[in-house]
Structure formats: C-alpha cells, structure tokens
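Spelled out from the first residue to the last, the chains are:
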Amino acid sequence: MSATAAAQPLPSAPAAPRRVALRLAQVRAVFGLSLRITLRGKRIWILGFIALVPALLPVLHMVLVRLFTHVGRFPPAMDFFKNVVSVLYLHVLLYVLALACGLAIVSDEVEDKTLVHLLLRPLPRWAIVVGRWLSTWLVTSVVLVGSLIALYALSWAAQQEFDVGRRALDHFNLTILALDCLVFVFALGAYLALFSCVGAWLPHGERWGVVFCFGWESLITYLPARLKWFTLMYHAQTLFPHKVSVNKLFSVWGEPLPKLTCALILVIVTVVSLALTVWNLKRREIR
Amino acid sequence: MNAPAPILLDDVSKWYGDVMGVNGISGQVGPGVTGLLGPNGAGKSTLLKVMAGLLAPSRGRVEILGSDPRRDIEIHRRLGFCHDGDGFYDGLTGLDFLRLSLRLHGFGARPARQMAGDALEKLGLTAEARKRIGAYSKGMRQRLKMAHAIAHDPEIVLLDEPLAGMDPVGRHSTLELVRQWGEAGRVVLISSHILHEIDVLTGNIMMLSHGRLLAEGDIHEVRDLLSEHPHQIYIECANPRALSSRLITMDSVQKVHVERDRPGVMLETFQPDALYQQLGRIVVEEGIEIELMTSPDDNVQAVFDYLTQGRTEEGA
C-alpha cells in the first residue's frame, strides 16, 4: 500500500460556468452506470425470456392447427398480431415490464444500500432519477420492441406457411408495426416514471403497483362516464393506429379523447411522476 | 480574524423518532487528523452522516467549508465520506466502480480512469482492480470504500470505522495513510470504538457517549482538566525502593506503590508539573538511573474511562 501520493494534485473538477454541459455529462454518467448494472443483473434477462413467450404464440398456434385440424388454417397475420398485442402485450407484458423495472428505479438502490454512493457525489437528485429512468426505459423498450418484432415476423411466417402467396404479403404492413412500437415505448416511459414514484414513496410498492395495473386500470374501463380518463391505459390505447379490443368494446361510452390530448396527458404524468421521485430523493435520509 | 473551521457543528441533534442519535453537539474540526471516539451506539456514525449531508439534523446546524452539506451538493467535490454501509454494485469491478463514480462528478473518461487507478493503488487494491466487487473480502471492500472517499482528492475526509474488518497489516498501512493525509493538510475525521487505534494516530479527539459530546481537543489537555483523577506515573529504575522512600515525602505525591512484577514505582499525583521538577533533583541527589517513565492514564482509553465513569456516577 502506498500513501506517498496522498498530497499530489489530481485533475480538478470541471468549472461551474459549464454547468449545463456538466449536468448533461452527469446524467449520461448515471445512465451509463445504471445501464451497466441493469445488464449485469438477472432481472432484465428473465424479463427478456418472459417477453419471448407471447412472441412465440404464432408458432404454438401453427403447431396446434397442424396437429388437431385436417384443413390447416391460420388467421390473417395482421389480425393475429393485433389481437395478441391488445390482449397480451398491452394488458400483461407492458404492466409486467413497467412494474418489475419501474419500481426498481429508486427502490433497488435503497434496498441494495447503493444509493449512498450516488448521494455522496455532487449530483443533482434529478440527474440521478432521470439517468436511471432513461436507462431503464431504453432496456425495457428494447425487450418490448424486440418481442413485438418477433411476434410480427412469426405471425407473418405462420400465415405464409398456410396461405402461400400474395395474400400473406398483402398483410405485411411495417408502418403498423412501427407505430405500435412507438406507442408502446411512449406508454412504457409513462408507466416506468409512475412506478419509479410509487417505488420511491410507498413501502411495498409492488403491491400498490399490482393493484393499480390489474385492479384499477382493468376495472375502471368497464365503468361508465369519464373515470377511464384516470388510467394510463386509456390514453395509451387511444394512441394506437388500429383499434384495440377494449376500445372497440367500450367505445359506446363516448368519443375518445383526441390523440394529441392523450399523448400530452402521458407526458404530464411522466414529468409529474419523475418530479415527485426527485422530491422523495431530496427528502430521503440514509441511516 | 481567524478563518472559520472547515467543519463547524452548532448544537447539532438528531433523533430517530423517540431514539436519540446525537444531542446538542457543538464544536469544530480543523486541519489534521481528529479522532471521533466512543463506544458502539455513541452516535459517531449519526454525527458523520449529518456532516456528510446524508441525514438532516433535527436541530442545530452543520457547516462544511461554509456550506450546508444537506443543501449544497457541490460540497461533495471537496468532501469524501467512507461510510459504515456495505452496499456495493457487486457486478462491477473495483476499477469500474471508482471510474464510474468519478464520471458522476463530471470528470472525463481518461482522467476518471487515471484517478480511479491512483486511488486503488493508494489503498493497495491494484491487483484486485479488475475483479468483481462481489468477490472482494470484507477488508478489500473496506479499502474500496476508502478509495471511493478519496478518489476525487477531497479536502475533507470523513472515515467511519475504516479499520473494521481489516487484517493487522491492512490496519497498519491504513493508519499510516490516514496520518499522511493529515500531515498533507487535509481535514480528516476518523471514528473508532477501539480507542488505542486512534491513540497512536492523533492526540486530537472528540469523545462521544450516549449521543453527547464528552470532551473535545487535545487528549493531554483534556486529561489535565480531569482534576478529580490523580495522574498516574510509572517510573522504572534499578532501585525502586530507594526512589519510593524519597517520593513518599513529597507533598505533590498522593500515593506511591512499588510494583511487584517489574522493577519500578507507580505513583499518583495531582501536580504532575511540580513532581517532574522535584523528581529531577531527587534523581541527581540519590544517583538513581531512570530507565523508563510513562503515564499509563494519559491516553485516550483512560480519559474515556474517567469521563464515562463520571457520567455513570452522575446518572446513578
């Protein structure tokens, strides 16, 4: 162990006037640290595996059709894709990813007692929250979009298998896929922000998260009037380029809000949730 | 006008609900090494966390280099804290952990890597730099925490029980490192419940017990202020009986006792300065050759025992 260099000058910290550049560099540093930790953890790989399951449904469907029917038939790829998206991706996978990763944005650092390492650096609290939220958003989006692309490709391939020729190719619409991916990523950002706030403020945030997703968000859409406006799912569904099941079923309750309004509401929820998370971090004490 | 002390505590108290962490602590810490001493549960970690801005004081005020560490995040450029927790990103290597921590300051990739390497070298972790932290021993994790605290070259270093879990060699070299930081002009506040560890490092202390500050300042000055306890002096010589017969006649000596298991005399006095003057004369007159003279109770442990004993008796 050498101590002789203790008094040697080290490179000095960046000067204050370059504050904006400094803050951006700090957010990037938190993002990089968080990304590294996420990718080296087990959670995201398990979620990646879970996300593959609905993507493999076309293959399962094809196998079942082949085994149990004499005349092979596969629904149009686009219909199959839309149904799986509106049932499994929108109401299960989106929630699972947002709950598992959003709640962890702050609570993982608290439970692992690693938050202290961040709080002992000259980092604004918002940089910690934004950096971690961005990295989580990126990783979960890659998982979700990857799964969607796989689902789309396999749906198309399955239909091609049964319905050879031009008809299958006619259904091949990359714009729908791209827009669906965009809406999912957008909605995922809002859910992650909301659950980061829940994880920061509430003990046993996972229980509240499950109640919110599979209780409030699911039940409220069956109620009349405008209560559904108080769900994120309603606004996310409105943004889809095609009808999703719940919209179709409950459109009797009135005209949907304009897409722009819904997008704005999701942005507001994201910003407010992140701001509340930052506030929690500012108040937080490390015993 | 004197410059304000780098660390200033003004009536600092911290409660956790009904439980008192620290209570009404005032004082200041200047350059050099200062020992923060006290038994487990005395409030050392709480006080250090308040100083580092990790806890908000329930009452009172802390100033680090003129700033409130809870509000001014920029103070962490000049402050390093080796805390008592053991949470790490176990999947990262030691080098990556430090390098990424320095990037959080805003340092560029190259300086961050260089500074991280330097800090690991100072703490003797170069060989383990590329190992996953999850594979580190407790002593190595402790040294990594210290490297984390000093990697950005802070002016103030707070060390909470930094020797815990270290082997004797690690303890020795860490104490040497801390001593050198102090000599280099850094403000180093090091806590320990093992008092003799600090005794060899510095005479400048803050003593806590039950959340209260018992004493602050130079250990020898604090000892001199404890007027109800006579100073113990041990003198080793070839003829302890002859020496004791002369000592017993002196007004400044309260008690003399010839040791059975070693060739020396243990005496107690309330006037050590007067005794040392008279002792010189006796030694010359009697031709006694003194081989060793020590003060067994002029150390941190003895002072702490006296102070806590006093408090216990007050409490009773």
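Residues numbered from 1 in each chain as written. Chains lettered and ligands numbered in written order. Predicted model: local features only at pLDDT ≥ 70, side-chain atom pairs only at ≥ 80, totals over all residues.

Caption draft 1: Examining the overall build of chain B more closely. Looking only at helices and strands, chain B has 10 helices and 13 strands in total. In chain B, buried positions account for 43% of the 316 residues. (Helix = DSSP H or I, 4+ residues; strand = E, 2+ residues; numbered from the N terminus. Buried ≥ 20, exposed ≤ 12 C-beta atoms within 10 Å, placed from the backbone.)

Caption draft 2: Expanded view of the overall build of chain A. Per the secondary structure count, chain A includes 13 helices and zero strands. For chain A, the N- to C-terminal ordering of α and β elements is α-α-α-α-α-α-α-α-α-α-α-α-α. Residues classed as buried in chain A amount to 40% of the 287 residues present. Across chain A, every contact between residues at least 6 apart in sequence was considered, and the portion connecting residues at least 24 apart equals 83%. (Contact = placed C-beta atoms within 7 Å.)

Caption draft 3: Here's a closer look at the sheet that holds strand β5 (residues 79-82) of chain B. Residue and element names in this part refer to chain B. Strand order in the open sheet made by the six strands is β5-β6-β7-β3-β8-β9, with mixed pairing throughout. Of all strands in the sheet, those bounded by a partner on one side alone are β5 and β9 (212-218). Between one strand axis and the next, the sheet turns through 15 degrees on average, direction left out of account. With three bridges joining them, strand β3 (residues 32-37) and strand β8 (residues 204-209) adopt parallel strand pairing. Paired with G35 across the two strands is I205, which belongs to β8. This element, helix α4 (residues 138-150), spans β5 and β6 (156-160) of the sheet and lies at about 170 degrees to β5. (Pairing = 2+ DSSP bridges. Axes fitted to C-alpha atoms, helices over the stretch in contact; angles between N-to-C directions.)

Caption draft 4: Fine view of the environment of A:A55. Within the secondary structure, A:A55 sits in helix α2 (residues 43-55). With 22 C-beta atoms packed within 10 Å, A:A55 lands in the buried category.

Caption draft 5: Main features of the confidence of the model for chain B. Mean pLDDT over chain B stands at 87; residues scoring 70 or higher make up 97%. Of the two predicted TM-score estimates for the complex, the pTM is 0.83 and the ipTM is 0.81. (pLDDT = per-residue confidence, 0-100.)

Caption draft 6: Expanded view of the environment of B:W15. Residues and elements named next belong to chain B. With respect to the secondary-structure elements, W15 resides in strand β1 (residues 7-16). Once the C-alpha coordinates of W15 and G38 are considered, the two residues, 23 residues apart in sequence, prove to be 18 Å apart. Ignoring anything within four residues of it in the chain, the contact list for W15 reads M20, G21 and S58.

Caption draft 7: The arrangement of the sheet that holds β1(B) in detail. Residues and elements named next belong to chain B. If you trace the three strands from one edge of the open sheet to the other, you get β2-β1-β4, paired in antiparallel fashion. Pairing within the sheet leaves two strands with one partner each, and these edge strands are β2 (19-29) and β4 (59-64). Strand after strand, the sheet turns through a mean of 20 degrees between neighbouring axes, direction not considered. For β1 and β2, the ladder comprises seven bridges, and the chain directions are antiparallel. Looking at β2, one finds that L8 is bridged to Q28.

Caption draft 8: Representation of the interface of chain A and chain B within the structure. Every contact between the two is made by 34 residues of chain A and, on the other side, 38 residues of chain B. Sorting the residues of the side of chain A that touches chain B by element identifies α1 (19-40) and α6 (115-119) of chain A as the ones contributing at least two each. Top element by residues in the side of chain A that touches chain B is α1(A). It accounts for 10 residues.

Caption draft 9: Examining the packing of helix α9 (residues 174-201) of chain A against helix α10 (residues 205-219) of chain A more closely. Residue and element names in this part refer to chain A. As a packed pair, α9 and α10 sit with axes 8 Å apart at the nearest point and diverge in direction by 140 degrees. Taken together, α9 and α10 sit at an angle that is classed as oblique. Our pair here, α9 against α10, has a crossing hand that is right-handed. Along the contact surface, α9 presents F195, V198 and G199, while α10 presents G205, W208 and G209. Taken together, the residues of the contact of α9 with α10 break down into three nonpolar, three polar and no charged. (Parallel < 35°, antiparallel > 145°, perpendicular 65-115°, else oblique. Left-handed = near helix turned anticlockwise from the far one by under 90°. Nonpolar A, V, L, I, M, F, W, Y, C, P; charged D, E, K, R; others polar.)

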